[in-house]
Amino acid sequence: MGIVEEAMEKREARRSKPQPWIVRKLAIFITLGIIGYAWYVYVGRLCVPMIRRDTGALGTRGLGIGFLVVFCILGLVMIWAYEKVVFTSPGLAKDHVQKSSAPATRGYQTWWDTESEAELAQARFNASSNPPQPPPPAEIKRSRDGSRPHHHHPRRSTDHQRRPSQQNGHHSRAPSGDENAGTTDALPPVAAARANATTHHRPPPQPQDQSHIQPLPGTSNAPSQKPMMYTRAPSKTPILLPEYRYCYRDGFQKPSRAHHCRACGTCVLKYDHHCPWVGQCIGARNHRFFLIFVIWALLFCLWTFATLVGPNAHASIVRPNYEVDGQHVAIIVLSGFFAVFTVALLVTHVIMICSNMTTVEQLAVRRMREREERVLGRLHARWELRARRATLKEWNAEWGRIGKEGHIWWLGSARKNWDATMGDKVWMWFLPIGKSPDDGLNYVVNPRFDAEGRWLPRSEWPKELR
Ligand SMILES: [Zn+2]
Ligand SMILES: [Zn+2]
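Analysis parameters
Residues numbered from 1 in each chain as written. Chains lettered and ligands numbered in written order. Predicted model: local features only at pLDDT ≥ 70, side-chain atom pairs only at ≥ 80, totals over all residues. Heavy atoms only, no water. Helix = DSSP H or I, 4+ residues; strand = E, 2+ residues; numbered from the N terminus. Polar contact = N/O pair within 3.5 Å; in protein donor to acceptor, adjacent residues only side chain to side chain. Expected span 1.5 Å × (residues − 1). Buried < 20%, exposed > 50% of the residue type's maximum accessible area, 1.4 Å probe, protein only. Contact = heavy atoms within 4.5 Å. Donors = N, O, S within 2.8 Å, 3.2 Å for Na, K, Ca; no water. Tetrahedral: all angles 85-135°; square planar, octahedral: opposite > 155°, others 65-115°. Phe/Tyr/Trp six-rings, centres within 6.5 Å; stacked < 30°, edge-to-face > 60°. Lys NZ or Arg CZ within 6 Å of the ring centre and 35° of its normal. Axes fitted to C-alpha atoms, helices over the stretch in contact; angles between N-to-C directions. Parallel < 35°, antiparallel > 145°, perpendicular 65-115°, else oblique. Nonpolar A, V, L, I, M, F, W, Y, C, P; charged D, E, K, R; others polar. Salt bridge = Lys/Arg side-chain N within 4 Å of Asp/Glu carboxyl O.

Participant: Describe in detail the side chain of T307, supporting the description with residues and values.
Facilitator: Considering the arrangement of structural elements, one finds T307 in helix α9 (residues 287–318). There is a polar contact of 2.6 Å between the side chain of T307 and the backbone oxygen of W303.

Following this line, the structure appears as structure tokens:
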């Protein structure tokens, strides 16, 4: 116990130190250096020789001027957008919330951290609870609510019990193993305990609550109650609970969707990711500029790549003994690389923005999908596509879709989600002017979730939404 505690403290002390300023900002200077070099090669070694009608120039004067004008327009707008991302703060939680005292029990907040940290918390949790095998129904319930805790410990015994039960054709009990691995995150023990308590006294017994009170081997089961290992079991993490939202590093309760960035050493509003290329976090108030920058950077890279490759390729075909300028090749490689990189960023961020999801939230959704994939694997073989689709359809009828009705910040349509981050005017999607429509503090909770942030089955949604 003592050793584990100590290891946790040490690890955290090391991690909670923010990066030094120069390390955080270094990539900005590298980025500017790359842009400057591209500018020199493109203008000085491609356009100017064309405009001056030098021998060996790769095109006419008119072409050179055309290349130059488009390059400068794309480049200047890109740099303008870049400057906006670099200098617009994502919004810091410390400017908006008061310091407060920690919840009674020390929790475990950075759930997207490495597995090993999760295991340490797991070890702590096990040391204090040490459940018997097989656990009584109460233990099973806690493990459901506590998602990560209990993830690892009974793995072997779980596998034992599952195999015979499947052979016998009846389901003995829900294993507490990988069922929960797919749900979002590690949960502070205190919140788990409270979640447990609140689900107990909630007046109407919910289908998903009944489903995990599993019959022990030999006991009868109502036919309507499906065992949890064969149903969709959404995360029980009460992400709206104050204990869950407490940042132990900063000593306050984070606003919803804010997370602590270890590189910056502070809690960032609607934390998306820490972007080394802009030297700070992408969050509520600069996400829009980030996407605009990515759009222009992609256009800039594509233009540079195409207008260098085209004339060089043409010349190497029509001119005997043509030698390609090595610096042209360098810029072709760089612009090609960054074009691939930015197109991937653009596609993933457009998809996430249309779902009103941050990168962090998207990871949670992905885990849920993976969990569901495993459950489907138990029900149907991989090739039974029709059966798989039918089961998914059934689950969607019962719950709504993962990542849409099942996402706590989903606003009901892709357009509404998009506008919440990018603004409702078309110019706001492309020009780095004005502000972000998102202040990072006020978010509408999907009415398909309960007050603590748990996904409700369709039968419990507000009537008009069912
Ligand atoms: Zn923090
Ligand atoms: Zn950061």
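Participant: So what's going on with helix α10 (residues 326–354)? Which residues, and what values?
Facilitator: Under the 1.5 Å per step criterion, the end-to-end length of α10 is 42 Å for 29 residues, consistent within 8% with the ideal 42 Å. Taken together, the buried positions of α10 are occupied by H328, I331, I332, S335, G336, F338, A339, T342, L346, H349, M352 and I353. Next to the buried residues of α10 lie α2 (21–51), β5 (273–275), α9, α11 (359–379) and α13 (414–422). A distance of 2.9 Å separates the backbone nitrogen of Q327 from a side-chain oxygen at the start of α10, and that oxygen is part of D325. Once α10 finishes, N356 follows within two positions and takes phi at roughly 55°, a positive value.

Participant: Please provide a residue-by-residue account of the coordination of the zinc ion (ligand 2), values included.
Facilitator: For the zinc ion (ligand 2), every protein donor is listed as C261 (SG), C264 (SG), H274 (ND1) and C281 (SG), and the spread of their distances is 2.0 to 2.3 Å. Around the zinc ion (ligand 2) sit 4 donor atoms, and with donor-metal-donor angles ranging over 100 to 120° the site reads as tetrahedral. Each donor residue of the zinc ion (ligand 2) lies on one chain, and together they are spaced C-x2-C-x9-H-x6-C. Taken as a pair, C264 in the loop between β3 (259–261) and β4 (266–268) and C281 in strand β6 (residues 280–282) lie far apart in primary sequence, 17 residues in all. A relative accessible area of 1% means that C281 is categorised as buried.

Participant: Go over the packing of aromatic side chains, please, and point to the residues and values.
Facilitator: As enumerated under the stated definition, the model contains 15 aromatic pairs in all. Arranged with centres 5.0 Å apart and planes meeting at 75°, the rings of F337 and F338 form a pair that is edge-to-face. For F337, a relative accessible area of 49% puts it in the partly exposed group. Taking relative accessible area as the criterion, F338 reaches 16% and is therefore assigned buried. One aromatic cluster is present, formed by W39, Y42, F71 and F300 through successive ring pairs. The ring of Y443 has R257 lying over it, and the distance from NZ or CZ to the ring centre is 4.8 Å.

Participant: Residue-level account of the side chain of H260, with values.
Facilitator: Relative to the elements of secondary structure, H260 occurs in strand β3. At a separation of 3.2 Å, a polar atom in the side chain of H260 contacts the side chain of D250.

Participant: Could you give an account of unusual backbone geometry, with specific residues and numbers?
Facilitator: Unusually for a residue other than glycine, R257 sits at a positive phi of about 75°. Tracing the backbone shows R257 in the loop between β2 (252–253) and β3. Although it is not a glycine, N321 adopts a positive phi angle of roughly 55°. Inspection of the secondary structure assignment puts N321 in the loop between α9 and α10.

Participant: Provide a residue-level description of the coordination of the zinc ion (ligand 1), including the pertinent values.
Facilitator: A metal bound by six donors in octahedral fashion has ideal angles of 90 or 180 degrees, whereas one bound by four tetrahedral donors has an ideal angle of 109.5 degrees. Around the zinc ion (ligand 1), the protein contributes the donor atoms C247 (SG), D250 (OD), H260 (ND1) and C267 (SG), at 1.9 to 2.3 Å from the metal centre. Look at where the donors of the zinc ion (ligand 1) fall in the sequence and you get C-x2-D-x9-H-x6-C. Looking at C247, the relative accessible area reads 1%, which means it is buried. What makes D250 buried here is its relative accessible area of 12%.

Participant: Outline the packing of α10 against α13, supporting the account with residue identities and numerical values.
Facilitator: Where α10 contacts α13, the two axes come as close as 7 Å, and the packing angle between them is 110°. By the criterion of interaxial angle, the relationship of α10 to α13 is roughly perpendicular. Residues V350, I353 and C354 of α10 touch α13, and the partners they reach there are A414, N417, W418, T421 and M422. Tallied by class, the residues present in the contact of α10 with α13 amount to 6 nonpolar, 2 polar and no charged.

Participant: Any details on the pattern of salt bridges? Residues and values, ideally.
Facilitator: The tally for this structure, following the rule as stated, stands at 11 salt bridges. Between R232 and E372 there is a salt bridge, with its nearest N and O atoms 2.7 Å apart. In this pair, R232 sits in the loop between α8 (207–211) and β1 (246–247) while E372 sits in helix α11, placing the two residues 140 residues apart along the sequence. On the accessibility criterion, R232 (4% relative accessible area) is buried. Overlapping salt bridges bring together D450, E452 and R454 as one network.

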